[in-house]
Structure formats: structure tokens, C-alpha cells
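# Tertiary structure, described
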Amino acid sequence: MLGDSEGSPGGPGPRLGEHVRRQTAALCEAAGTGKDAALGLLDTMLEPLAPLSLLDPPNARSFVSDDHSPVELSLAFSPGAAPVPRVLLEPGYTDDMVRSGRIGLRAAERLAGRGVLSCARLRTLSDIFFPAVPHGPFALWLALEFPDGRPRAKVYLNPAADGPGRAADAVAEALARLGFGNAFAALRRQAGRPEDFLFFALDLGAWPAPRVKVYVRHRDFSAAEAAGVSRAVAGDHPGRVEEFIGLVAAERRLRRRPLVSCFSFTRACPDRPSGYSVHVPVRDYVQDDRQARDRAVDALRRYGIDDRPLDRALAGLTSRSLDAGVGLIAYLTLAHADRCPPRVTVYLSSEAYRVKPARRSALGAPGGGEPGPMLAGR
Ligand code: TRP
């Protein structure tokens, strides 16, 4: 069990903390930046999780990743620059959402104590996202990224905390409190049902233009429909959005797992989103991670981005071969904001507990593409 304040002793064997430290170090080495800053802050974030034994079952059904590891790594690529290493964590790694929120807030406060972020904006939203009887699937996630080695923080909150049917209202209220109230009506039309609002995220800390981000899930969507949704943001990206989804998912409609759109808002433009990204759950549209890696490389090259750090990161994160499993590469994302060149982010699973076996038959073939049973780890 996860203690509220003290770390539990955990069982024998490799520990979650060591595993995540090793992977984060490898990710930063692959990116060529951020290692000292990341390792210096990771213990602060991991405090209650570090002693958990990887020989025990996952402590909770964490929604962070498919094997319920409470951590996900990513590399954010842009043309002509070093990729930015990032780590996402669920500090309150328990199925008790009251405690999970409390532990998560305490982790944010520890980062505030280290000068990484301020909790002020988060506090103004606490009654919305931390009700007395919270619903899952999570309460609070924290992410750190290290552009040029300096830490920047983000927090992810659950719009469905007060119940799935209340998720749209939660987003409306939170946007209004932060000064983006006029943006909600158009956003509401992007979500089929209230519970399709998946995350409400805030940049906290040393951001030049801190964003508020709203994530929307699209069930059974085509690439063309996603391009249509992306037109909520001005720019010439819709064609690229359509092309990217075709490249990554290679299916006409995305039915295996939904696409996720992210709309971002900044103070300079409070009435409509100024950034759009599309997250493609590549792991459900490939046989194995070799194929996912090849699609990532195709996407990176398409936008003139050096793909070599990706292979370094994959080799640093796991010693298994890429065709032995699927899900190490969880999502591929195309991001567009403020006339910047397109950015591509690769989300990498920690696989701390399990590796999902590769699919034997080609997707689309009879029996192909069904999620297989999870096999014990590496
Ligand atoms: N694991 C969840 C999912 O696959 C949530 C999640 C983790 C996610 N990382 C993400 C969603 C990146 C979108 C993009 O949906």
C-alpha cells in the first residue's frame, strides 16, 4: 500500500524509483540535455512511489499507461533543435481518488518548494477538480520537461472528477475562472459527449507563455474529421493533420482506440485556441514496436526532423527487441502552435510491470489486432 506521507517499505527486488531514474537518465542522454536537472527533481516527484517493488503487482490501475505503470516518458521533437525530454508521473498511485488527489497536491507543493512551479492557479480550481467524492480514472498527474536543461512543469486534472456527466461543466467553469470563458462554446461542439473531455492541463512555472490545455477524445473518427476539428485553430496545418494520421494509423477510421485532440489557450488570445495537437494511439494500429518506430521515423523525416535520438531513447529505455512487444511507443503526436514549424512528440511507456506481446497476425486480418493477454515483464 502507498502511504499518505511516508513511502511504504515495498517488497524485495527492483524498485520503481530505480527503474524510472534509469529510464529518465537514458532519455535525457538520448536527447543530449536535461539529465542533471531531471535526476535532481525526480526524487522529489517520486517520493511516495520510489520504494515500490516491481515484483509486486501494480499498486493501482493507473490510467497513465497500459500496464498501469504510473509514469510515461516522451521526447518532443522540433526541426533543427535538440528534442526535449519529458516525464509524466502520477504521484498518488492508488485507486482511492481522495488520497490520490491529496498525495498529488503534496507532490506539486514539494516542486513549488523547490522553485519549479507555483500552485496558485491550481488552488483556484481545487473545488472543481478535487470534490469530496471524486471519480476516477485519476486525480492529478505532474509532468516535467527540460528544454535546455531547465525544468518546466505541467499539471493534468480530471474533468470527470465530479462524475463523467459533469466533465463538460467542469471544463467550462475552469476555463471561465482562468479568463478563457468565451472559448468554451466552440470547444463544447468538439466533444461528442461530456465525458469526451479527457484532461484539463495547466503549464505551471517558468513558461514564456503558460498555456491552459483541454484534451478531447474522438471516438470512431477519420483523419479528415480530425483535420476539420483542427480548423478551430488558425493556420495551414489541417492538411498536415490529415496526412499525419494516415501515416501513423494507416486506417480509414480510428476505431481501436480514439484519437485525442488538444486545444491550447494563452492569455494573448483568450477567446479561441491558439494551439492544436493530435495524439494518435499508434500502439493499437501496429503489430509491434518495430512498426511503430518505423512510423515515428517516417513522421519525423517528413517534417525534416533528425530521428536519431529516438533510436537512442528506445535502446536506453528497454533491452527487449522492438518486435517482441507492442506499446512501448504509446502515442505519436503532431503539434501546431502560433505559426511555429510542426512538432512531433513520441510517447514512451515505462513498461515497469509488463510488456504487451506483439500481435501475430496483421491488423485487419481475422483475429488480428485484438488486444492480447499481458505477459510478465522483461
Ligand atoms: N493512457 C491513457 C491513454 O492512452 C492516457 C494517456 C497517457 C494519454 N498519455 C497520453 C492520452 C498521451 C493522450 C496522449 O489514453
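Here goes a summary of the coordinates provided. On a predicted model such as this, the values are computed, not experimentally measured, just so you know.

## Some remarks on the overall build of the chain
A tally of helices and strands in the chain yields eleven helices and 14 strands. For the chain, whose C-alpha radius of gyration is 19 Å, the value lies close to the compact-globule estimate of 21 Å for 378 residues. Seen along its three principal axes, the alpha-carbon backbone of the chain occupies a region of about 55 × 50 × 40 Å. Of all 378 residues assigned to the chain, the portion counted as buried reaches 57%. Residue pairs in contact within the chain that sit at least 24 positions apart in sequence constitute 71% of those at least 6 positions apart. A total accessible area of about 15000 Å² is found for the chain, and carbon and sulfur atoms account for 51% of it. Here the chain contributes 50 positively and 43 negatively charged side chains, and the mean placements of these two sets differ by 2 Å.

## Focus on the sheet that holds strand β2 (residues 84-89)
Each strand in a sheet pairs with another by means of backbone hydrogen bonds, the pair being arranged parallel or else antiparallel. One closed barrel accounts for ten strands, arranged β1-β2-β3-β4-β5-β6-β9-β10-β11-β12; its pairing is antiparallel. Neighbouring strand axes in the sheet, compared pairwise and without regard to direction, differ in orientation by 20° on average. As paired elements, strand β3 (residues 140-145) and strand β4 (residues 152-157) share six bridges and run antiparallel to each other. For Ala143, the partnering residue across the bridge sits in β4 and is Lys154. This element, helix α1 (residues 16-31), spans β1 (71-77), β2 and β12 (343-349) of the sheet and lies at about 5° to β1.

## Quick notes on the pairing of β3
A large share of β3 lies buried, amounting to six of its six residues. Here β2 runs beside β3; their pairing, made up of four bridges, is antiparallel. Opposite Leu88, over in β3, you have Ala143 as the bridge partner. In this antiparallel pair of consecutive strands, β3 and β4, the connection spans six residues, and Asp148 shows a positive phi of 50°.

## Notes on the pairing of strand β5 (residues 197-204)
Burial within β5 is extensive, with eight of its eight residues counted as buried. By the bridge criterion, five bridges tie β4 to β5 in an arrangement that is antiparallel. From the neighbouring strand, Ala153 faces β5, where its bridge partner is Leu204.

## Observations regarding the side chain of Thr266
Relative to the helices and strands, Thr266 is located in the loop between β9 (259-265) and β10 (275-280). Among all residues touching Thr266, those that are not within four sequence positions of it are Phe180, Ala209, Pro210, Arg211 and Ser274.

## Considerations on the site of the ligand
Looking at the ligand, the residues that line it are Phe63, Val64, Glu72, Trp141, Phe199, His279, Arg283 and Tyr331. Phe63 is positioned with one of its backbone polar atoms (N or O) 2.8 Å from a nitrogen atom of the ligand. Tyr331 places a polar side-chain atom, nitrogen or oxygen, 2.8 Å from an oxygen atom of the ligand. For the ligand, whose free accessible area comes to 350 Å², the fraction covered by protein is 93%. Here the residues of the shell around the ligand sort into five nonpolar, one polar and two charged.

## A few points about helix α9 (residues 238-249)
Between the first and last C-alpha of α9 there are 17 Å, a value that for twelve residues agrees with the 16 Å anticipated at 1.5 Å per step. Of all the residues in α9, the buried ones are Pro238, Val241, Phe244, Ile245, Val248 and Ala249. In an axial view of α9, the angular spread of the buried residues amounts to 120°, which keeps them on one side of the axis. Ala250 lies just past α9 and shows a positive phi near 50°.

## As for α1
An ideal rise of 1.5 Å per residue puts 22 Å on 16 residues; α1 measures up with 22 Å between its terminal C-alpha atoms. Counting buried positions along α1 gives twelve out of 16 residues, so the element sits mostly inside the fold. Among all positions of α1, only Leu16, Gly17, His19, Val20, Gln23, Thr24, Ala25, Ala26, Leu27, Cys28, Ala30 and Ala31 are buried. One or two steps after α1, the chain reaches Gly32, where phi turns positive at roughly 80°.

## Some words on the packing of aromatic side chains
For any pair of aromatic rings, geometry is given as the distance between the ring centres together with the angle between the planes. Summed over all chains, the structure comprises 13 aromatic pairs. Each residue in the set Phe63, Phe138, Trp141, Tyr156, Phe199 and Tyr215 is aromatic and connected to the rest through ring pairs, giving one cluster. Sitting over the face of the ring of Trp207, Arg152 holds its NZ or CZ atom 4.0 Å from the ring centroid.

## Some words on unusual backbone geometry
Pro137 follows Gly136 through a cis peptide bond whose omega is 10°. Here Pro137 shows up in the loop between α5 (126-129) and β3. For Glu351, which is not glycine, the phi torsion reads 50° and is therefore positive. Looking at the secondary structure, you find Glu351 in the loop between β12 and β13 (354-355).

## Things to note about the environment of Arg354
Of note, Arg354 is situated in strand β13. Here Arg354 falls in the partly exposed class, since its relative accessible area comes to 33%. Spatially, the C-alpha atoms of Arg354 and Leu105 are 28 Å apart, while their sequence positions differ by 249 residues.

Conventions and cut-offs
- Residues numbered from 1 in each chain as written.
- Predicted model: local features only at pLDDT ≥ 70, side-chain atom pairs only at ≥ 80, totals over all residues.
- Heavy atoms only, no water.
- Helix = DSSP H or I, 4+ residues; strand = E, 2+ residues; numbered from the N terminus.
- Rg over C-alpha atoms; globule rule 2.2 N^0.38 Å.
- Buried < 20%, exposed > 50% of the residue type's maximum accessible area, 1.4 Å probe, protein only.
- Contact = heavy atoms within 4.5 Å.
- Areas by Shrake-Rupley, 256 points an atom, 1.4 Å probe, with all protein chains shown as cover.
- Lys, Arg positive; Asp, Glu negative; His and termini not counted.
- Charge placed at Lys NZ, Arg CZ, Asp CG, Glu CD.
- Pairing = 2+ DSSP bridges.
- Axes fitted to C-alpha atoms, helices over the stretch in contact; angles between N-to-C directions.
- Near = heavy atom within 4 Å.
- Polar contact = N/O pair within 3.5 Å; in protein donor to acceptor, adjacent residues only side chain to side chain.
- Nonpolar A, V, L, I, M, F, W, Y, C, P; charged D, E, K, R; others polar.
- Expected span 1.5 Å × (residues − 1).
- Arc of directions from axis to C-beta.
- Phe/Tyr/Trp six-rings, centres within 6.5 Å; stacked < 30°, edge-to-face > 60°.
- Lys NZ or Arg CZ within 6 Å of the ring centre and 35° of its normal.

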